[in-house]
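Here is how the chains run, residue by residue.
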Amino acid sequence: MAFTRRKTLTHLLPLIALTATCGMGSAQAQGDYPSKPIRIVVPYPAGGGTDTITRLIGVQLSQRLGQPVVVENKPGASGILGNDTVAKAPGDGYTVLMGITAVVQVPALYKKVPYKLSDLTPVSQVAKSADLLMVPRSSGVTTLQQFVDKARAAPGTLNFGSYGNATTSHMNGERFKQKAGIDITHIPYQGSGPEVQALLGGQLSLAFVDVTAAYPHIKSDKVNILAITGAHRHPALPQVPTMTEAGYPALAANGWFGVFVPASTPRAIVDKLSAEVASIVKSPEVSKRLTDMGLVPVGSLPDEFKAEVEKDAAHWKSVAEATKISMD
């Protein structure tokens, strides 16, 4: 019996040593991370808000990690192309996604999406965004209720602008129409820039404008700001009520920018990236830059961001179903 145990142990020792060596190799590989350049995929064109934020974070991340950080723009199909690129990349921490709220909206808007939300692991929420509900000052409307009353008195005569079909602003606008019981026509634009110009030119009755695009105009004498989407009032606009405060809690979700990696990425690498990104976001320089863009800096832990991603995925799915907005 003793001989059998000794013989068995003799056979097992090489396997135990090999397993330990592999484990040490894996731990060492994660401990050495990063040892080569990191690619951050932006699923939108260069020059936009997501691109600007990514490059701001990328410069700081490169300095902290001691490796080049390359920003790669892969626009197309409402961000699907870039999101899918990262979802299918090796989970080694060298391919990272700077995503926006569309990451969780797309599965609710398209019947066929090449990736699942579970293919991506949330790393850190960088900043929160929101839509401002703005009207031309020439309209004489100063409160959301005044706009609703005006729309109810003349069904089908007013409109609302969005920064594109199936965008957050479009979804918010259609949900607002339903909850307010009003008939206003949706006018989509190719981005926030043209939408803002149409509002300033008096071509829109109402516009749901991304706060980053609206920010340079918040003190303009050509517009009135009636409300803001999201859970809280904006620090720079403390006098502007949230949609919840105005009686529309269905529009309480914030937009956001956040970092993701492939789901197969080891937790040690996720935690390291999260700590660095969160620290960068909370640094005085980056925090000020984000604030100056009209955003609210966050810098969250992976589990915190994951909880918000899951909550928002359920929210936008319900909005898409209620409004029947679809890209198929």
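Attention in this report is confined to the structure presented alongside it. (Residues numbered from 1 in each chain as written. Predicted model: local features only at pLDDT ≥ 70, side-chain atom pairs only at ≥ 80, totals over all residues. Heavy atoms only, no water.)

## Some details on the sheet that holds strand S5 (residues 131–136)
Rules: In this description, strands pair whenever DSSP reports at least two bridges between them. In this text, helices come from DSSP runs of H or I with a minimum length of four residues, and strands from runs of E with a minimum of two, each type numbered from the N-terminal end. Every axis corresponds to a line fitted to the C-alpha atoms, with the helix fit spanning only the stretch in contact, and the corresponding angles, defined between N-to-C directions, vary from 0 to 180 degrees. We call two residues contacting when some pair of their heavy atoms lies within 4.5 Å.
Here five strands make up an open sheet; going across it, the order is S7-S6-S8-S5-S9 and the pairing mixed. What marks the edges here is a single partner per strand, and that holds for strand S7 (184–188) and strand S9 (223–228). Direction aside, the axes of adjacent strands within the sheet are offset by 25 degrees on average. Note that S5 and strand S8 (residues 206–210) share four bridges and pair antiparallel. The residue of S8 that forms the bridge with leucine 133 is phenylalanine 208. Together, S5, strand S6 (158–162), S7, S8 and S9 form the strand contacts of helix H5 (residues 144–153), whose direction differs from that of S6 by roughly 130 degrees.

## A look at the pairing of strand S4 (residues 120–129)
Definition in use: Remark: exposure states derive from per-residue accessible area (1.4 Å probe, protein chains only) relative to the maximum for the residue type, with buried under 20%, exposed over 50%, and partly exposed in between.
Within S4, nine of the ten residues are buried, leaving the element largely enclosed by the surrounding structure. Pairing analysis gives eight bridges linking S4 to strand S10 (residues 255–262), with the strands arranged antiparallel. Each bridged residue has a counterpart across the sheet, and for threonine 121 the counterpart in S10 is valine 261. When S4 meets strand S11 (residues 296–297), the two strands line up antiparallel, connected through two bridges. Residue pairing across strands places lysine 128 opposite valine 296, the latter belonging to S11.

## Remarks on the sheet that holds strand S3 (residues 95–100)
Taken in spatial order, the six strands of this open sheet run S2-S1-S3-S10-S4-S11, and their pairing is mixed. Looking at strand neighbours, the two that pair on one side only are strand S2 (69–73) and S11, the edges of this open sheet. Where strand S1 (residues 38–42) meets S2, five bridges bridge the pair, whose relative direction is parallel. When the sheet's bridge partners are listed, arginine 39 is paired in S2 with valine 70. Across the sheet, helix H9 (residues 267–282) lies against S3, S4, S10 and S11, angled at about 10 degrees from S4, the strand it touches most. Against the sheet, helix H11 (residues 302–323) makes contact with S4 and S10, and its axis sits at roughly 80 degrees relative to S4, the strand it touches most.

## Considerations on the nonpolar core
We count it as follows: Buried Ala, Val, Leu, Ile, Met, Phe, Trp, Tyr and Cys residues that are joined via side-chain atoms within 4.5 Å together make up what is termed a nonpolar core.
Counting 47 residues, the largest nonpolar core has Ile53, Val126, Leu132 and Leu290 as the members making the most contacts within it. With six residues, H9 is the single largest residue contributor to this core. Those residues in contact with isoleucine 53, other than ones at most four positions away along the chain, are Met98, Val126, Phe257, Leu290, Met293 and Leu295. Membership of the second largest hydrophobic core comes to 28 residues, among which are Ala102, Tyr110, Ala253 and Phe260.

## Considering the pattern of salt bridges
Any two side chains of opposite charge can pair, given that their charged atoms come close. Threshold: Here, a salt bridge means any side-chain nitrogen of Lys or Arg that lies within 4 Å of a carboxyl oxygen of Asp or Glu.
Applying the stated criterion across every chain, the model contains twelve salt bridges. Between arginine 64 and glutamate 276 there is a salt bridge, and its shortest N-O distance comes to 3.6 Å. Of this pair, arginine 64 sits in helix H2 (residues 49–65) while glutamate 276 sits in helix H9, placing them 212 residues apart in sequence. Arginine 64 sits in the partly exposed class, given a relative accessible area of 38%. Across the salt bridge formed by glutamate 174 and lysine 177, the nearest N and O atoms sit 3.4 Å from each other. Within this pair, glutamate 174 and its partner lysine 177 are both found in helix H6 (residues 168–180), separated by three residues, close to a single helical turn. Taking relative accessible area as the criterion, glutamate 174 reaches 16% and is therefore assigned buried. Residues joined in a network through salt bridges with shared partners are Arg39, Glu72 and Lys74.

## Observations regarding the packing of aromatic side chains
Working definition: an aromatic ring pair is given by the centre-to-centre distance plus the angle between the planes. Selection rule: Two aromatic rings from Phe, Tyr or Trp, using only the six-membered ring of Trp, form a pair when their centres are within 6.5 Å; if the ring planes differ by under 30 degrees the pair is stacked, by over 60 it is edge-to-face, and anything between is tilted. By definition here, charges over rings are those cases where NZ of Lys or CZ of Arg is within 6 Å of the ring centre and within 35 degrees of the ring normal.
Summed over all chains, the structure comprises seven aromatic pairs. What links up through ring pairs into an aromatic cluster is the set Phe160, Phe176, Phe208 and Tyr248. Lysine 36 extends its terminal NZ or CZ atom over the ring of tyrosine 94, reaching a point 4.7 Å from the ring centre.

Purely spatial values, then, with no claim about function.
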